[in-house]
Amino acid sequence: MRKRIKLLAGLAVLIITAGLLLSGCGGKDTGAKAGGDKEPYKIGAVIDISGPSSSLGIPERNTLQMLTEKINAAGGINGHPLELTILDNKSDETEAVLAVKKLIDQQKVLAVIGCSSSGPSMAMIDTVQKEKVPMISLAAASKIVEPVQERQWVFKTAQSDIVVVNRLAGYLKEKGLNKIAFLYMNNAYGDGGRIAFTAAAEPAGLQIVTEEKFEATDVDMTPQLTRVKASGAQAVVIWAIPPSASIVTKNFKDLGLSIPLLHSHGVGNQNFIDLAQGAADGVILPIGKLTVTGQIPDSDPQKEVLATYIDEYSKKYNSSPNSFGGYAWDAFYLLINAIEKAGPDRAAIRDQLEKTENYIGVSGVFNMSATDHNGLKEDSMVNVKIEGGQWKLLE
Amino acid sequence: MVDLSSQLLQLLFSGLTLGSIYALIALALVTTFNITGVLNLAQGEFVALGALLAASLFAAGLPLPLVFILTVAGVAILGGLVERSAIYPARGASSMTLIIITIGLSISLRGLALLVWGTDPLLLPAFSSGGPILIGGAAINPQSLWIFGLTAVTLAMLFAFFELTYLGKAVRACEINRTAARLVGINPGAMSLLAFAGSGAIGAAAGIFIAPLTLATYDMGFMLGVKGFVAAVIGGMNNVGGAVLGGFILGVLEIYSAGLVSSGLKDAVALLVLLAVLLIRPEGLVGVIAGRKV
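First things first, this report covers the structure right here in the doc. All of these numbers come straight from a predicted model, not from anything done at the bench. (Residues numbered from 1 in each chain as written. Chains lettered and ligands numbered in written order. Predicted model: local features only at pLDDT ≥ 70, side-chain atom pairs only at ≥ 80, totals over all residues. Heavy atoms only, no water.)

### Regarding the overall build of chain B
Phase 1 of the analysis: Per the secondary structure count, chain B includes 12 helices and 2 strands.
Phase 2 of the analysis: Walking chain B from its N terminus toward its C terminus, one meets helices and strands in the order α-α-α-α-β-β-α-α-α-α-α-α-α-α.
Phase 3 of the analysis: Compactness check: chain B gives a C-alpha radius of gyration of 19 Å against a globular reference of 19 Å for 294 residues, within 12% of the reference.
Phase 4 of the analysis: Projected onto its principal axes, the C-alpha coordinates of chain B cover approximately 65 × 50 × 35 Å.
Phase 5 of the analysis: Out of the 294 residues belonging to chain B, those deemed buried represent 50%.
Phase 6 of the analysis: Of the contacts made within chain B by residues no fewer than 6 positions apart, 76% connect residues no fewer than 24 positions apart. (Helix = DSSP H or I, 4+ residues; strand = E, 2+ residues; numbered from the N terminus. Rg over C-alpha atoms; globule rule 2.2 N^0.38 Å. Buried < 20%, exposed > 50% of the residue type's maximum accessible area, 1.4 Å probe, protein only. Contact = heavy atoms within 4.5 Å.)

Here it is as structure tokens:
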């Protein structure tokens, strides 16, 4: 009996303390409390830690955890410790919405980072727009932040399709390659690339002589490539991710095609080179600078942050970081910079994010505006060529 | 620019390669179906498991021939286990129930492969080094020749088994009349076990041979299983030769429609052919020509 009373009393104390803490957090304290411990700033992240997109989500989670520790070790944001809650959406749209609602309703977070891939990111938009919570996505599709008037609260750090397309078109034009064969995988990623590339081709004076698609599960793209061979194309652009991107590259080499082969940033990881078993040599693609940090000139404004990221990440996790983790790095610092200026106020944080100017990050130099919630231009990427299984900077 | 004849030849090579992959799966399906009366829709998963297991064993440093033997034996044992645990206890059930069981098996095996190997594709190198062989302006990958070879060897071995061995005759007796076979002392349960182990072995061998071309992923089995089934129906469910023919017809048709008409048409053609065969010749192309030998 006495034990039970003790337990109840303990529970009551706990509930009251929790209540006090929560109400304190909901208030708009700008950190002006005199001395002592300031209450923590809470932010949330919804990441694809398990499921098909886990290869994106895991480096992102690692990066966010690493940076939170770093910020808190350095005294937090204006003296307030940072409290980051990371939830796993299992690469699923429904789970993502549930997770973001939980973060907003229960944790009362100031802002949300996520998700890793385009589908779950799109799914969360409705909720954050309605609840008026700033969100920074780590995914590629430009639809996530466009049209901006319906995406007031949404930002993203990964380069949009259009940035990649413009780089590809620029390269082809410069080399005088006008007749292009375009191959894409039949899913949201490939289709996004097709729409963007078709739109950019004509103004750049490029003629798409044949357009072919393949399924993500296809095991042989020889028929599509045979049509490419017959079309008289001067170069091939492929919009796909491994493994099908590797298979089509292998088929390309097997058929003895010798015209230039260009890929999208979807193949920007070592996996693509390994799976293509040597056939990837000669492939040209635009990619974030992180992959070729050692080769970019010291004068590049991003050089320092890239080196810092690689150094800190590989020390902590014993593996090299990749561009996906880089998206998380940028989302984190964009948010921290905004909170530093705006204090714990969601609307003010949103306004600060939109005003971001010249933030030098891993993915590029960000310049946000009321019409651009991505803030990256073509200079955030470089063209690389794969040689001997290594990425080699072209320019 | 390439001329039409070398383009057609190129597509034919591709079609035959794809066709022999389908043919191998159809062979295993038809063999099991004829012995046990069960249409094993988990056949594609045996292919996936073979490819994945072989890729892991090879990555662990074992030589390729040993990898082949271990993988085929491993998946054959798994096929036997599956039969004992899921098919045998339900042997009295209707064939529809048994088919549903194999669908369940397919989903569980895929889940198991996902847990063990994850979602990243695995790699198995080509058996023979060197680039593609050029014939008449068209290129053929040496691995395709290996796959043709495997199809021929498998077909020959199955033929020899059914026609020349005592065990093969016992199996065929079960196929023709279960009750009569039991009366003369043949155990249909043991034959069913043998059929599943055998189709596991064929599936694993197919998986190992195609992995250098297709890479090994946990979800590669489903689509292959479906195409193998279509090939078996085209050829006739009761004929091993028909299964091979069906596989080749399906593969070549798919590639020609993708290469000459439109790349979006590939899977539609497979289903159209399936429908046409079911409507016009439900017994399959070879069903009547070969008849049922007794």
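Structure shown, so let's carry the discussion forward.
### Side note on the interface of chain B and chain A
Phase 1 of the analysis: Taken together, the contact pairs 34 residues of chain B with 25 residues of chain A.
Phase 2 of the analysis: Of the roughly 2400 Å² buried where chain B meets chain A, counting both sides, 58% is carbon and sulfur surface.
Phase 3 of the analysis: Where chain B meets chain A, there are 7 residue pairs in polar contact (both at pLDDT 80 or more).
Phase 4 of the analysis: Counting only elements with at least two residues in the side of chain B that touches chain A, the list comes to α1 (4-36), α8 (188-214), α10 (240-261) and α11 (266-280) of chain B.
Phase 5 of the analysis: Residues that form the side of chain B that touches chain A fall into these classes: 19 nonpolar, 12 polar and 3 charged. (Buried area = accessible area lost by both parts, 1.4 Å probe. Polar contact = N/O pair within 3.5 Å; in protein donor to acceptor, adjacent residues only side chain to side chain. Nonpolar A, V, L, I, M, F, W, Y, C, P; charged D, E, K, R; others polar.)

### A few points about helix α2 (residues 43-59) of chain B
Residue and element names in this part refer to chain B.
Phase 1 of the analysis: Between its terminal C-alpha atoms α2 stretches 25 Å, which fits the 24 Å expected from 17 residues at 1.5 Å a residue.
Phase 2 of the analysis: Summarising burial for α2: 12 of the 17 residues are buried, a large majority.
Phase 3 of the analysis: Listing the buried residues of α2 in full gives Q43, G44, E45, F46, V47, A48, L49, G50, A51, L52, A54 and A55.
Phase 4 of the analysis: Those residues of α2 that are buried lie in contact with α1, α3 (64-87), α4 (95-117), α8 and α9 (221-235). (Expected span 1.5 Å × (residues − 1).)

### Considering α10 of chain B
Phase 1 of the analysis: The end-to-end C-alpha distance of α10 of chain B, which contains 22 residues, comes to 31 Å, matching closely the 32 Å that a straight helix rising 1.5 Å per residue would cover.
Phase 2 of the analysis: Residue N239 of chain B occupies the N-cap position of α10 of chain B, its side-chain oxygen lying 2.8 Å from the main-chain nitrogen of G241 of chain B.

### Description of the packing of aromatic side chains
Phase 1 of the analysis: Going through the model one piece at a time under the given rule, you end up with 15 aromatic pairs over all chains.
Phase 2 of the analysis: Judged by centre distance (5.0 Å) and plane angle (50 degrees), the rings of Y309 of chain A and W329 of chain A are tilted. A residue pair is termed long-range when its members are at least 10 positions apart, and Y309 of chain A in helix α10 (residues 303-317) and W329 of chain A in helix α11 (residues 323-342) qualify at 20 residues.
Phase 3 of the analysis: Residue W329 of chain A is classed as buried on the basis of its relative accessible area, which comes to 4%.
Phase 4 of the analysis: Taken together through their ring pairs, the aromatic side chains of Y309, Y313, Y317, W329, F332 and Y333 of chain A make up a single cluster.
Phase 5 of the analysis: Over the ring of Y88 of chain B we find R84 of chain B, and its NZ or CZ is 4.0 Å from the ring centre.
Phase 6 of the analysis: When the ring centre of Y88 of chain B is taken as origin, the NZ or CZ atom of R91 of chain B, which lies over that ring, is 4.1 Å away. (Phe/Tyr/Trp six-rings, centres within 6.5 Å; stacked < 30°, edge-to-face > 60°. Lys NZ or Arg CZ within 6 Å of the ring centre and 35° of its normal.)

### Focus: the packing of α11 of chain A against helix α12 (residues 346-354) of chain A
The geometry of a pair of packed helices is captured by two quantities: the angle between their axes and the separation between those axes.
All names here are of chain A.
Phase 1 of the analysis: Running from N to C, α11 and α12 point in directions that differ by 120 degrees, and their axes come no closer than 8 Å. Here α12 runs oblique to α11, going by the angle between their axes. Between α11 and α12 the crossing geometry is right-handed. Two secondary-structure elements touch here, α11 through L334, L335, A338, I339, K341 and A342 and α12 through A348, I349, Q352 and L353.
Phase 2 of the analysis: Each residue belonging to the contact of α11 with α12 can be placed in one class, and the counts come to 8 nonpolar, 1 polar and 1 charged. (Axes fitted to C-alpha atoms, helices over the stretch in contact; angles between N-to-C directions. Parallel < 35°, antiparallel > 145°, perpendicular 65-115°, else oblique. Left-handed = near helix turned anticlockwise from the far one by under 90°.)

### Here's the deal with the environment of V226 of chain B
Phase 1 of the analysis: Looking at the element boundaries, V226 of chain B is found in helix α9.
Phase 2 of the analysis: Counting along the chain gives 185 residues from V226 of chain B to L41 of chain B, while the straight-line C-alpha distance between them is 7.8 Å.

### Topic: the side chain of H265 of chain A
Residue and element names in this part refer to chain A.
Phase 1 of the analysis: Turning to its location among the elements, H265 is positioned in the loop between β9 (261-263) and α9 (270-276).
Phase 2 of the analysis: You can call H265 buried: its relative accessible area is 15%.
Phase 3 of the analysis: Sequence-distant contacts of H265, defined by excluding residues within four places in its chain, comprise A140, Q159, V164, Y189, W239, L285, P286 and M381.

### Quick look at the packing of helix α5 (residues 142-164) of chain B against α8 of chain B
Residues and elements named next belong to chain B.
Phase 1 of the analysis: At their nearest, the axes of α5 and α8 sit 8 Å apart, and the two run at 165 degrees to each other. Taken together, α5 and α8 sit at an angle that is classed as roughly antiparallel. Crossing angle aside, the handedness with which α5 passes α8 is right-handed. Facing Q143, S144, W146, I147, L150, T154, L158 and F161 of α5, the residues of α8 in contact are L194, I202, A205, A206, F209, I210, P212 and L213.
Phase 2 of the analysis: The residue inventory of the contact of α5 with α8, partitioned by class, reads 13 nonpolar, 3 polar and no charged.

### Quick look at the pattern of salt bridges
All names here are of chain A.
Phase 1 of the analysis: On inspection of all chains with the given rule, the structure shows 15 salt bridges over all chains.
Phase 2 of the analysis: Of the charged contacts, one joins K70 and E312 as a salt bridge, the two residues approaching to 3.0 Å between their closest N and O atoms. Here the residue K70 occupies a position in helix α2 (residues 54-73), and E312 occupies one in helix α10, the gap between them amounting to 242 residues.
Phase 3 of the analysis: On the accessibility criterion, K70 (32% relative accessible area) is partly exposed.
Phase 4 of the analysis: Between K377 and D372 there is a salt bridge, with the nearest N and O atoms lying 3.3 Å from each other. (Salt bridge = Lys/Arg side-chain N within 4 Å of Asp/Glu carboxyl O.)

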